[in-house]
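Here are the chains, one letter per residue:
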Amino acid sequence: MPLFKEAPPKVLVPEKLSPDGLALLRSSLDVEERKGLSPEELLEIIPTYEALLVRSETKVTAPVLRAARNLKVVARAGVGVDNVDVEEATKLGIVVVNSPSGNIGAAAEHTIALMMSMARKIPEGCASLKEGKWERSKFVGVEVKGKILGIIGLGKVGLTVARLAKGLGMTVNALDPYASPAVAASASVTLVSSLAELLASADFLTIHTPLIASTRGMIAEAELAQMKPGARILNVARGGTIDEVALLAALESGHLGGAAVDVFTSEPPVPESTAAKLIAHPRAVVTPHLGASTVEAQENVSVDVCEQVLEILKGLLPRSAVNAPIILPEEYQKLQPFVRLVEKIGSLYTQHYATAPGGSMTRNTFDLIYQGEVASINNTKPLFAALVKGLLSPISSTEGININIVNAELVARERGIFISEQHSRDPSEHSSYSSLVTLVARPPSRASSRAPAATDTGGAPQVQHQRIISGTCSGDQPLITRLGRFEASFEPQGTLLICENYDSPGKIGVVGSILGREGVNINFMTVAPVSPKLAVGGNIEDIKATKDGPASADPASKEALMILGVDRGVSHSVTSDLVKEGGVLSACAVTL
Ligand SMILES: NC(=O)c1ccc[n+]([C@@H]2O[C@H](COP(=O)([O-])OP(=O)(O)OC[C@H]3O[C@@H](n4cnc5c(N)ncnc54)[C@H](O)[C@@H]3O)[C@@H](O)[C@H]2O)c1
Ligand SMILES: O=C(O)[C@H](O)COP(=O)(O)O
């Protein structure tokens, strides 16, 4: 059975990725490898793709992301995401995933390989021999054993380099304000407290930080001057952490004994640029960003991100999203039916209370209350996101933005929507349901008040009521159990006509004949009476209090909601006929 019901989602791969991962995608997705695309070509073709898989060469800029109308995921087959505009992706709800550990070993081994090459002048010796020369005395090197290696950034790569260097008999000092002293001690690394201390002691200095504001140009002229004469320096992290102009000058002056560089500020380096001069320097050992280029690392990162792309396109969560919270798979499974329920509640709220005739968008502060088993789930980000999506989708089509856990908080903030989540695990609070989710809109003028709104007209004009919707899940099926003061039991599915009326004989027939006249077929009908228990409610205390609370006074208790499942959209003229001719108090159509 195909994984995707419609045409398989399209995946663009503009760089060389190991086929091992791509094979995982090919059985269910339409994978297109298009190497050598110019930025303009990428911008032109990106709108049709749902996933983009890149390494470090493709610049995934804000314009690319904005043009990518169908894009759900950018997968970086590697660690560094500095070629992806993660902030813009977050705004647009596009998940960015990477492979945080697939190439650590490769990068660390490459660092050691460059250090040894530099120490033993291997590239020069090799080139000389290939030229037919036999120059033994020209290429005398130094040993690393007994020397001090200074590491800036004791993260995954830095720590692996430290362990390998210890194996070579080096003494390792490191600077990393965020590193765990216990982890450093376990690798026999001495954590130093200042850059000056590290620079002054190192025979070899290697940097393993990301390129961020605090590390850009971290090693410049002043820092290089603090290093021992003849010391050697390495960069297998990111171009720009070491200032290229200063590095070239320190090599040219003879202050540094050598430099080994795998990464550059511009890749490939611009001809005649400082980076190009650095590459040409006789005491520089250079590679074209090969740190992660091993068969093993490329298999690892490719499989890692391709698995995540599949998960995301199936609607599940990835394991290492750069811009989304981590939610354990088993917790996510438990949440899935409630995600659907909460999105339906949000959409029902907007259509029934806010955009229905007589409704208003004045309320933007909500309590989202979890009771019973669902309250035991700690990470409710998907529920929060589902509510924002449900509230906004009927009114905005959200301008091509896919609201999800990546951007829900941002979108809510931008729209001035405030949602306070409350958890209550006490089973006595949620009647016969094992789980209950309730949305309560707070009155606009008294956002903090717990009293019911006295004059709110909402989707049911003339009737005093609060804007409250509760629901539960029966197996995987969402069920609405409360709409305002009415005790309901209906599936939030398809087009529903919600009519408030006095519960009197003949009303159903009148409504049925008006709908029949308009060619609208009724698929099912259910009546929701005013619940004696649901008199008030505005927050968790009120909801607890109403469980055995007073019955509503007559004649309101004779009111009921009639919920009709219909086979097509119902126009405003039909709903107003139902009020005028059919004698219902209010009528509104919602599509869920
Ligand atoms: N050349 C390559 O092909 C290649 C391959 C893999 C990784 N990388 C690069 O290597 C770098 C490190 O990767 P990683 O997986 O070890 O990352 P990591 O996040 O595990 O480690 C980075 C470390 O840098 C530290 N750090 C941050 N700011 C610092 C500062 N101002 N001073 C000192 N330490 C600081 C952090 O605390 C962290 O421990 C990244 O830039 C990554 O892109 C390059
Ligand atoms: O950040 C990384 O993972 C490395 O720099 C590797 O980059 P690459 O995938 O372009 O080789």
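Thresholds, definitions, all that
- Residues numbered from 1 in each chain as written.
- Chains lettered and ligands numbered in written order.
- Predicted model: local features only at pLDDT ≥ 70, side-chain atom pairs only at ≥ 80, totals over all residues.
- Heavy atoms only, no water.
- UniProt positions renumbered as here; feature names shortened; annotations may be inferred.
- Helix = DSSP H or I, 4+ residues; strand = E, 2+ residues; numbered from the N terminus.
- Contact = heavy atoms within 4.5 Å.
- Areas by Shrake-Rupley, 256 points an atom, 1.4 Å probe, with all protein chains shown as cover.
- Core = buried A, V, L, I, M, F, W, Y, C linked by side-chain atoms within 4.5 Å.
- Buried < 20%, exposed > 50% of the residue type's maximum accessible area, 1.4 Å probe, protein only.
- Domains from an automatic or database assignment.
- Near = heavy atom within 4 Å.
- Polar contact = N/O pair within 3.5 Å; in protein donor to acceptor, adjacent residues only side chain to side chain.
- Nonpolar A, V, L, I, M, F, W, Y, C, P; charged D, E, K, R; others polar.
- Salt bridge = Lys/Arg side-chain N within 4 Å of Asp/Glu carboxyl O.
- Axes fitted to C-alpha atoms, helices over the stretch in contact; angles between N-to-C directions.
- Parallel < 35°, antiparallel > 145°, perpendicular 65-115°, else oblique.
- Left-handed = near helix turned anticlockwise from the far one by under 90°.
- Patch = residues over 30% accessible without salt bridge, like charges linked within 9 Å, V, L, I, M, F, W, Y side chains within 5 Å.
- Lys, Arg positive; Asp, Glu negative; His and termini not counted.
- Charge placed at Lys NZ, Arg CZ, Asp CG, Glu CD.
- Pairing = 2+ DSSP bridges.

- Per an unreviewed UniProt entry, the protein goes by D-3-phosphoglycerate dehydrogenase and derives from Penicillium argentinense.
- In its Sequence similarities (unreviewed entry) section, UniProt records this for the protein: "Belongs to the D-isomer specific 2-hydroxyacid dehydrogenase family."

1. Quick notes on the overall build of the protein
Piece 1. Of the regular secondary structure elements, the protein holds 19 helices and 22 strands.
Piece 2. Contacts spanning at least 24 positions in sequence make up 69% of the contacts within the protein whose residues lie at least 6 apart.
Piece 3. Carbon and sulfur atoms make up 55% of the accessible area of the protein, which amounts to about 26200 Å² in all.

2. Quick notes on the nonpolar core
Piece 1. Core analysis: the largest hydrophobic core is formed by 77 residues, its most contacted members being Leu25, Leu29, Leu53, Val309, Leu348 and Val388.
Piece 2. Ranked by the residues each element gives to this core, the list is headed by helix α14 (residues 329-354), at ten residues.
Piece 3. When residues of this core are assigned to domains, at least three fall in each of domain 1 (10-102 + 296-313) and domain 3 (329-591).
Piece 4. Apart from residues lying up to four places away in sequence, leucine 53 is in contact with Val11, Leu12, Val13, Pro14, Leu17, Leu22, Leu25, Ala75, Cys306 and Val309.

3. Structural notes on the site of ligand 1
Piece 1. Looking at ligand 1, there are 29 residues lining it, with Lys156, Val157, Asp176, Val236 and Asp262 nearest.
Piece 2. Measuring from an oxygen atom of ligand 1, one finds a backbone N or O atom of glycine 155 at 3.4 Å.
Piece 3. In this structure, histidine 289 approaches ligand 1 through a side-chain N or O atom, which is 3.4 Å from an oxygen atom.
Piece 4. Out of a free accessible area of 860 Å², ligand 1 has 87% covered by protein chains.
Piece 5. Residues belonging to the shell around ligand 1 are distributed by class as follows: 15 nonpolar, ten polar and four charged.

4. A closer look at the UniProt feature "domain: D-isomer specific 2-hydroxyacid dehydrogenase NAD-binding" (unreviewed entry) in the protein
Piece 1. Following the UniProt record, one finds the feature "domain: D-isomer specific 2-hydroxyacid dehydrogenase NAD-binding" (unreviewed entry) at residues 112-291.
Piece 2. The span residues 112-291 is 36% helical and 15% strand by assignment, and the distance between its end C-alpha atoms comes to 11 Å.

5. Brief notes about the pattern of salt bridges
Piece 1. According to the stated counting rule, one finds 22 salt bridges in the structure shown.
Piece 2. Salt-bridge contacts for lysine 138 lead to glutamate 135; the nearest nitrogen and oxygen are separated by 3.9 Å.
Piece 3. The class of lysine 138 is exposed, set by a relative accessible area of 53%.
Piece 4. Glutamate 135 gets classed as partly exposed once you look at its relative accessible area, which sits at 28%.
Piece 5. Its salt-bridge partner being arginine 517, residue glutamate 581 comes within 2.9 Å of it at the nearest N-O pair. With glutamate 581 in the loop between α19 (572-580) and β22 (586-591) and arginine 517 in helix α17 (residues 507-517), this pair connects stretches of sequence that are 64 residues apart.
Piece 6. Among the residues examined, glutamate 581 registers a relative accessible area of 48% and is labelled partly exposed.
Piece 7. We classify arginine 517 as partly exposed; its relative accessible area is 47%.

6. Considerations on the packing of α17 against α19
Piece 1. At their nearest, the axes of α17 and α19 sit 10 Å apart, and the two run at 150° to each other. Judged by the angle between their axes, α17 and α19 are roughly antiparallel. Crossing of α17 over α19 shows right-handed handedness. Within the contact between the two elements, α17 uses Val511, Ile514, Leu515 and Arg517 and α19 uses Val574, Asp577 and Leu578.
Piece 2. Residue composition of the contact of α17 with α19, grouped by class: five nonpolar, no polar and two charged.

7. What about the site of ligand 2?
Piece 1. Lining the immediate surroundings of ligand 2 are Arg55, Ser56, Arg76, Ala77, Gly78, Val79, Gly80, Asn103, Arg238, His289 and Ala292.
Piece 2. Between ligand 2 and glycine 80 there is a distance of 2.7 Å, counted from an oxygen atom to a backbone nitrogen or oxygen.
Piece 3. Measuring from an oxygen atom of ligand 2, one finds a side-chain N or O atom of histidine 289 at 2.6 Å.
Piece 4. When ligand 2 sits alone it has 320 Å² of accessible area, and the protein chains cover 91% of it.

8. Some remarks on the packing of helix α5 (residues 104-120) against helix α7 (residues 156-167)
Piece 1. Where α5 contacts α7, the two axes come as close as 9 Å, and the packing angle between them is 50°. Taken as axis vectors, α5 and α7 run oblique relative to one another. α5 and α7 meet at a crossing whose hand is right-handed. Only Lys156, Val157, Thr160, Val161, Leu164 and Ala165 of α7 make contact with α5, whose side of the interface consists of Ile104, Ala107, Ala108, Glu109, Thr111 and Ile112.

9. So, a negative patch on the surface
Piece 1. Where like charges cluster on the molecular surface, the negative patch consists of Asp20, Glu109, Glu296 and Glu299.
Piece 2. Relative to the elements of secondary structure, glutamate 109 occurs in helix α5.
Piece 3. Since its relative accessible area comes to 55%, glutamate 109 is described here as exposed.

10. Thoughts on the environment of aspartate 20
Piece 1. Structurally, the position occupied by aspartate 20 is in helix α1 (residues 19-26).
Piece 2. In the structure, aspartate 20 is positioned 463 residues away from leucine 483 in sequence and 52 Å away in space, judged by C-alpha atoms.
Piece 3. In contact with aspartate 20, other than residues within four places in its own chain, are Glu299, Ser302 and Val303.
Piece 4. In this structure the side chain of aspartate 20 is engaged in a polar contact, spanning 2.6 Å, whose partner is the side chain of serine 18.

11. Re the sheet that holds strand β1 (residues 10-13)
Piece 1. As summarised here, the arrangement of the five strands in space is β2-β1-β3-β4-β5, forming an open sheet in which the pairing is parallel. Each edge of the open sheet is held by one strand with a lone partner, namely β2 (30-33) and β5 (95-98). Ignoring strand direction, the axes of neighbouring strands in this sheet form an average angle of 20°.
Piece 2. Pairing between β1 and β2: four bridges, direction parallel. Considered in β2, the bridge of valine 11 is made with valine 31.
Piece 3. Those strands touched by α1 are β1, β2 and β3 (51-54), and its axis lies near 145° from that of β2.

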